[in-house]
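A closer look at the structure
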Amino acid sequence: MNPFISAVMPFVRRRRVRDVTWGVCIGAAIGAGVFGAFWWGGGLVGWGLGGAFVSAVVGGIVGRRVSPGVAEVCSLLDADFGLKERLRTAYELKEETSPLATLQRRDALHHLATKTPQEWIPRRFPRWGWGVPMLYGVVSLLFLLLPRGTAAPDPERVAVRRAVEALRPKVPQEFFRAEELERARNAREALAVLADLEARLKATSPAADALATARETLQSGVPRGTSSLAEALDAARLSDALREELRTLRERLSRQESAASLREALERIETQGVSAETLKRLVAALRELEKRSDAELLNALEEIRAQKKAIAAVALESRRGSIARLDATPGRESEDVEAKGSRLPSFSRPPEAGVLTLEGLLDALGREVRVYSEKKVSPSNPERLVPFQEVVLASRQEAERFLHEETLPLAYRGRIAAYFSALSDVSRRERP
Amino acid sequence: MSEELLEKEVRAFQERFRAVREEVGKVIVGLDEVVEGVLIALFAEGHVLLEGVPGVGKTTLVRTLAAALRLSFKRIQFTPDLMPSDITGTRLLIEADGRRRFEFQKGPLFANLVLADEINRASPRTQSALLEAMQERSVSEGTTTHVLERPFLVLATQNPLEMEGTYPLPEAQLDRFFVKLLVPPPDADALTMILRRTATDETPEVTAVLDAPTLVAMQSLVRQVPVASSVRSYIVRLTLATHPRSESAPESIRRYVAYGASPRAAQAMELGAKVRALAAGRLNVAFEDVTAMALPVLRHRLLLNFEGVADRIPNDQLVGDVLKAVSPS
């Protein structure tokens, strides 16, 4: 290496070390402030520590990059030690061999020899540098020792978990797929699952219809005075029908553990004779079972509706502003706005077009609609115009109540949802 | 030249510079900066314009300098009727050995040190003859060119008081002067010393400490002094900042200056800085050397516009603004 460069290099190295340590300290301080939020706020310890470390490394690299080169260090030494550009001139003449250049270099080195790198940069590590890791450590220790609250859980997920717990005892297990409801990531998916469950419950109600039919058949099919059902069963047409009904009832009841004895009784009816008294008791039991099934069904449906409302309310809570704006009656919260999920065999499929979903409903209601396209006669003021949104909202509420409480084929449900979606489109186009 | 010899030469330069200054200082009192400026110009082979009121010692300074340098010295008193041939020389008809011939008689310009007293009193034609000799260091007579002997230094003086009957030097010719030095009137202490030395029978003796060959060698050494790129860049930036259209020019330059300094100014700053460095025993030029040379080099090279002239903006103030606006590093 050039002798002049060799003489200056200790100063250059000292400056580099100082710049790197300063970069590391500044990077660590910034990282502690920025990434500490991950740790302190979200409990992500790895992010907090790792981020501060990465920031410190980046700071060190930046410090190295911005550290001055040999030429700049010569200028800095000239300025700091009052060497009057001796070093800078000598650096530029470092390769020259003329007598004057050699003499000048010697003169520069002679003056540099009286100085040391330590004299130039007394401290490589900033005074405040120790404070950063110490402060970080103290604050981190405080956060480790002091109790920390957990992050607030997602309210929609909480509502879904509550729905699972509430429905588990009330809905027959063969219909309620709890794991599917638990997998729902948000209110929309949960409501879709519940709508599907509701539809299946109504479509395949646990033997309610069959019980009713069997009961009625048994009641009507047993001739007066018949001592045994077998005799009644001997009647060709009726017995076949009754036999078929009983077999169907038995198959359906086979899925219910609570009806095991009734199922056995029905088997005996087919295979053995039974007295009229027994038959009466059987009919009474069937009636009881029917009532219980009806009650169970109603309870289940009611619970499903209640949970749907609860989940929808939680979901709407975050969108309260957009809903409240459209409420025709100031001060009354709209509590009938519920999402109607589509009946999906699998929740990975997107909702069908035209089917009313929570987002679509809220999106439609989220716009201030001031369209007066219908003149509604108000009892108090016949000439008063009523806002269109009030009419639509009232109609929608009525339709939704009907969808909730009445039995309706699935195809019609979709059409009703599409109808109200179309109304929302019209209102948007006709906005003044 | 070997390194040892060169080192001796450098040390000798410093000593000789100090010796000349001390010798001149025996006679000239209170003009240290002016004396140093003249010496710097001398060793940088530049000409000097001295401006000061009458009686402050301009002529005495030059005479003393000539005595200290063992150089031939001529004084030319510029008057309005002075002709160019009066300073450069003329052809005379000589009769010798029965034959007549024309012979060129050298004028007072053919000296090492020429004092052009009150240069602004001579006609522009005569001024041009002198200034041409200053630039070319030669005198043309017919088809013959007579080279002026080295070293050749012109010290011109002008009186700032008298404006009637004077011919101010044109800017293009002012540019040929290495530096313009303002000779201030003496203060109380200096005046006291002057009286003691001149109004009594005490006559300080000035010893010649340099001769022409030595001076020429020293002038050659000056040109060898290296200049770092950052220092040279500083010189360039200073020069450019005197131009009103330059981006680095301060507001006062943009407002009051019509034309800035020429490349001769940059040359003068570098050469003058080299002399200062050598005189300080250094073999490299420092920023402070350039800063010290900026004022005497630039003050006469800024051409004011009408607003500057009307507002009587001093050139020194403008140069000061340039120095503030341009930082060394």
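Residues numbered from 1 in each chain as written. Chains lettered and ligands numbered in written order. Predicted model: local features only at pLDDT ≥ 70, side-chain atom pairs only at ≥ 80, totals over all residues. Heavy atoms only, no water.

1. Let's talk about the overall build of chain A
Here is the rule: Only DSSP runs of H or I with at least four residues qualify as helices, and only runs of E with at least two residues qualify as strands; both kinds are numbered from the N terminus onward. Classification of residues uses two cut-offs on accessible area relative to the type maximum, computed with a 1.4 Å probe and protein chains only: under 20% is buried, over 50% is exposed, and between them is partly exposed. Contact between two residues is taken to exist if any of their heavy atoms lie within 4.5 Å; hydrogens are not considered. Note on areas: these come from Shrake-Rupley sampling with a 1.4 Å probe, and a residue is covered only by the protein chains present in the view.
A count of helices and strands for chain A gives 19 helices and 0 strands. Counting the 432 residues in chain A, one finds 42% classified as buried. For chain A, the share of sequence-separated contacts (at least 6 apart) that also reach a separation of at least 24 residues comes to 69%. About 23,800 Å² of surface is accessible on chain A, with carbon and sulfur atoms providing 56% of the total.

2. Quick look at the interface of chain A and chain B
For clarity, the cut-off: Note on terms: buried area is the combined drop in 1.4 Å-probe accessible area of two parts once they are placed together, counting the loss on both. For this document, the term salt bridge refers to a Lys or Arg side-chain nitrogen within 4 Å of an Asp or Glu carboxyl oxygen. Whenever a nitrogen or oxygen atom comes within 3.5 Å of another N or O atom, the pair is scored as a polar contact, on the condition that within protein one atom can donate a hydrogen and the other can accept it, and that pairs from neighbouring residues in sequence are kept only if both atoms are in side chains.
Contacts between the two partners involve 13 residues from chain A, matched on the other side by 20 residues from chain B. Between chain A and chain B, the buried area comes to about 1,600 Å², and carbon and sulfur atoms account for 61% of it. One salt bridge in this structure joins Arg 106 of chain A and Glu 7 of chain B, with 3.7 Å as the shortest N-O distance. On inspection of chain A and its partner chain B, the count reaches 6 residue pairs in polar contact (both at pLDDT 80 or more). Of all the secondary structure elements, the ones that give two or more residues to the side of chain A that touches chain B are α4 (86-92) and α5 (99-113) of chain A. Broken down by element, the side of chain A that touches chain B gets its largest block of residues, 6 residues, from α5 of chain A.

3. Some words on a nonpolar patch on the surface
Residue and element names in this part refer to chain A. This is how it is decided: Nonpolar side chains (Val, Leu, Ile, Met, Phe, Trp, Tyr) within 5 Å and like charges within 9 Å form the patches, drawn only from residues with over 30% relative accessible area and no salt bridge.
Together, Phe 53, Val 54, Val 57, Val 58, Ile 61, Val 62 and Val 66 give the surface a local cluster of nonpolar side chains, amounting to about 640 Å² of exposed area. Counting through the fold element by element, Phe 53 comes out in helix α2 (residues 45-66). Among the residues examined, Phe 53 registers a relative accessible area of 59% and is labelled exposed.

4. Considerations on α5 of chain A
Put simply, the rule reads: The length a helix should cover is 1.5 Å for every residue beyond the first.
The end-to-end C-alpha separation of α5 of chain A is 21 Å, in line with the 21 Å expected for 15 residues at 1.5 Å each. Here α5 of chain A has its buried residues at Leu 100, Ala 101, Thr 102, Leu 103, Gln 104, Arg 105, Asp 107, Ala 108 and Leu 112 of chain A.

5. Overview of the nonpolar core
Among soluble globular proteins, nonpolar side chains are generally buried collectively. Residues and elements named next belong to chain B. As a reminder, the rule being used: In this text, buried Ala, Val, Leu, Ile, Met, Phe, Trp, Tyr and Cys residues form a nonpolar core when linked through side-chain atoms within 4.5 Å.
Core analysis: the largest hydrophobic core is formed by 80 residues, its most contacted members being Phe 43 and Leu 50. Broken down by element, the residue count for this core peaks at 9 residues, all from helix α11 (residues 263-279). Those residues in contact with Leu 50 that lie beyond four places of it in its chain are Val 34, Val 38, Lys 58, Leu 61, Val 62, Leu 155, Ala 156, Thr 157, Gln 158, Leu 181 and Val 183. Counting residues in each nonpolar core, the second largest holds 26 residues, with Leu 49, Leu 82, Leu 131 and Leu 148 among its members.

6. As for unusual backbone geometry
Looking along the chain, the bond that leaves Arg 150 of chain B and enters Pro 151 of chain B is cis, with omega of -5 degrees. Among the structural elements, Pro 151 of chain B can be located in the loop between β7 (144-147) and β8 (153-158). Although it is not a glycine, Lys 84 of chain A sits at a positive phi angle of roughly 55 degrees. Inspection of the secondary structure assignment puts Lys 84 of chain A in the loop between α3 (70-81) and α4. Judged by relative accessible area, which is 29%, Lys 84 of chain A ranks as partly exposed. Of note, the phi angle at Arg 137 of chain B is positive, near 55 degrees, even though the residue is not glycine. Along the chain, the position of Arg 137 of chain B falls in the loop between α5 (124-136) and β6 (138-141). A relative accessible area of 21% means that Arg 137 of chain B is categorised as partly exposed.

7. Here we look at the confidence of the model for chain B
Rules: Per-residue confidence from the predictor is reported as pLDDT, a score between 0 and 100.
The pLDDT averaged across chain B works out to 88; a share of 97% of its residues lies at or above 70. Interface confidence for the predicted complex, expressed as ipTM, amounts to 0.81; the pTM equals 0.60.

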